[in-house]
Amino acid sequence: MRITVLTLFPELFAAVKDGSILGRANAEGLLDVELMNIRDYTLDRHGRTDDTPFGGGAGMVFTPEPCFRALRAAGAEPAGVRPDGAPRLLYPSPRGRMLDKALIEELAAEEHIVILCGHYEGVDERILRAFGMEEISTGDYILTGGELPAMTIIDAVARFLPGVLGNEASNDEESVYSGLLEYPQYTKPRVYEGMEVPEVLLSGDHERIRLWRFEQSLRLTKERRPDLFRAFLGRYGNALAMRKLPLESDGLTRKELALLKRVSDEAEAERESER
Ligand code: 4GY
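Heads up: these notes are all about the structure in this document. (Residues numbered from 1 in each chain as written. Predicted model: local features only at pLDDT ≥ 70, side-chain atom pairs only at ≥ 80, totals over all residues. Heavy atoms only, no water.)

Quick look at the overall build of the protein now. A count of helices and strands for the protein gives 10 helices and nine strands. Taking 19 Å as the expected radius of gyration for a compact globule of 275 residues, we find that the protein reaches 24 Å, considerably beyond that expectation. Taken across its 275 residues, the protein has 42% of its residues classed as buried. Here the protein has roughly 15,900 Å² of accessible surface; of this, 51% comes from carbon and sulfur atoms. Taking the 35 positively charged and 47 negatively charged side chains of the protein as two groups, their mean positions are separated by 4 Å. (Helix = DSSP H or I, 4+ residues; strand = E, 2+ residues; numbered from the N terminus. Rg over C-alpha atoms; globule rule 2.2 N^0.38 Å. Buried < 20%, exposed > 50% of the residue type's maximum accessible area, 1.4 Å probe, protein only. Areas by Shrake-Rupley, 256 points an atom, 1.4 Å probe, with all protein chains shown as cover. Lys, Arg positive; Asp, Glu negative; His and termini not counted. Charge placed at Lys NZ, Arg CZ, Asp CG, Glu CD.)

Bringing unusual backbone geometry into the picture now. The step from K188 to P189 runs through a cis peptide bond, and the omega angle for that step is 5°. As for its position among the elements, P189 is in the loop between α6 (147–158) and β8 (191–192). One non-glycine residue, Y120, lies in positive phi territory at about 50°. Mapped onto the fold, Y120 is located in the loop between β6 (112–116) and α5 (125–130).

Taken together, 16 residues sit near the ligand, with S93, T138, G139, Y141 and L143 positioned nearest. Contact distances for the ligand include 3.1 Å between a nitrogen atom and a backbone N or O atom of S93. One of the backbone N or O atoms of L143 is found 2.9 Å from an oxygen atom in the ligand. Summarising the interface, the protein chains cover 95% of the accessible area of the ligand, which totals 390 Å² for the free molecule. (Near = heavy atom within 4 Å. Polar contact = N/O pair within 3.5 Å; in protein donor to acceptor, adjacent residues only side chain to side chain.)

With parallel pairing, five strands are arranged side by side in an open sheet as β2-β1-β6-β5-β7. The open sheet terminates on both sides in strands that have one partner only, identified here as β2 (32–37) and β7 (134–137). Strand-to-strand twist of the sheet, defined as the mean angle between neighbouring strand axes without regard to direction, takes the value 35°. In this structure, strand β1 (residues 2–7) lies alongside β6, joined through five bridges in parallel fashion. Bridged to V5 within β6 is I115. Against the sheet, helix α3 (residues 64–73) engages β1, β2 and β6, with an angle of about 165° to β6. (Pairing = 2+ DSSP bridges. Axes fitted to C-alpha atoms, helices over the stretch in contact; angles between N-to-C directions. Contact = heavy atoms within 4.5 Å.)

A cluster of nonpolar side chains, contributed by Y141, L143 and L148, occupies part of the molecular surface with about 290 Å² of accessible area. Structurally, L148 can be placed in helix α6. Owing to a relative accessible area of 54%, L148 belongs among the exposed residues under this scheme. (Patch = residues over 30% accessible without salt bridge, like charges linked within 9 Å, V, L, I, M, F, W, Y side chains within 5 Å. Salt bridge = Lys/Arg side-chain N within 4 Å of Asp/Glu carboxyl O.)

Time to look at the packing of aromatic side chains. A complete count under the given rule lists four aromatic pairs for this structure. Here the aromatic residues F214, F232 and Y236 are joined through ring pairs into a cluster of three or more. (Phe/Tyr/Trp six-rings, centres within 6.5 Å; stacked < 30°, edge-to-face > 60°.)

What follows covers the environment of F9. Here F9 lies in the loop between β1 and α1 (14–18). On the basis of relative accessible area, F9 is assigned to the partly exposed category, the value being 29%. In this structure, the C-alpha to C-alpha distance between F9 and T144, residues 135 residues apart in sequence, is 12 Å.

By the criterion of burial, β1 is predominantly enclosed, with five of the six residues buried. Pairing geometry for β1 and β2, over six bridges, is parallel. When the sheet's bridge partners are listed, V5 is paired in β2 with L35.

For helix α10 (residues 254–274), built from 21 residues, the straight-helix expectation of 30 Å at 1.5 Å per residue is met to within 8% by its first-to-last C-alpha distance of 30 Å. Residues E256, L257, L259, L260, V263, S264 and A267 constitute the buried set of α10. All buried residues of α10 project into a common sector of 160° when viewed along the axis, lining one side. Away from the buried face of α10 by more than 90 degrees, exposed residues K255 and S273 are located. Contact partners of the buried residues in α10: α7 (206–224), α8 (226–235) and α9 (237–241). (Expected span 1.5 Å × (residues − 1). Arc of directions from axis to C-beta.)

Using the criterion set out here, one finds 23 salt bridges in the structure. A salt bridge links R225 to D227, with the nearest nitrogen and oxygen atoms 2.9 Å apart. Classification of D227 by relative accessible area gives partly exposed; the value is 40%. Each of the salt bridges in this network shares a partner with another, and the network as a whole consists of R82, R88, R97, E106, E110 and E134.

Any functional reading would require information that these geometric values do not contain.
Structure below.
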């Protein structure tokens, strides 16, 4: 997959070009992060890329010309037409669609994406309209530029490209992508400054360990992300509603289902006692 970034600060992207996992992905040709300096596309004799906003106000706004020229050089097509091979065009901005698993998977299926990084007070709106750029937000806060969100998008998308993760991690297991928060991890030594590793993890009993981890994930999710917990419960609503739990449901074993039912009943009891 190819990702072209249009920015005034290409050197910031060393992080996603050379980092351990993404560096290898770039070297092996799984991912091709390409940087274009917007300043190289200005026709202004002073190399200017921004100007003061019409109507007044603080800060500076990217002028259309360098961005139009850079976007065209990157293969961007006008709004409304997207011939085969034309890139998907992204503009990181708090006004955009929130970046989540569904969007990341969509992007990972693209051949080529182009990300324009704004600065100051943003870019002339005509740039976004003329190219039908898709605004994408990484969260409800305002940064000084689109570079960090661009790197966030690149990193999150790269994890979904075949071959990028190898044995180092996996999207299917043990992550928010399962719909639950990650369970706690421990490594050596067994005791550090008097703090012990939970006994179950040293037991060698893989079934017990699996259930313990599942319970930790459930309790953390219930506590910190009740929205995710409710969504997870919803997926097993039918199974849980039965008086006798079925043997398994959608990947959960009978014991996992029983655990889910217990934690969910506790959540219900806690809400009851608050009333
Ligand atoms: N949050 N999610 C974000 C951001 C910086 C002025 C437009 C965000 O995606 N982007 O804060 N971006 C602004 C800076 C121009 C982008």
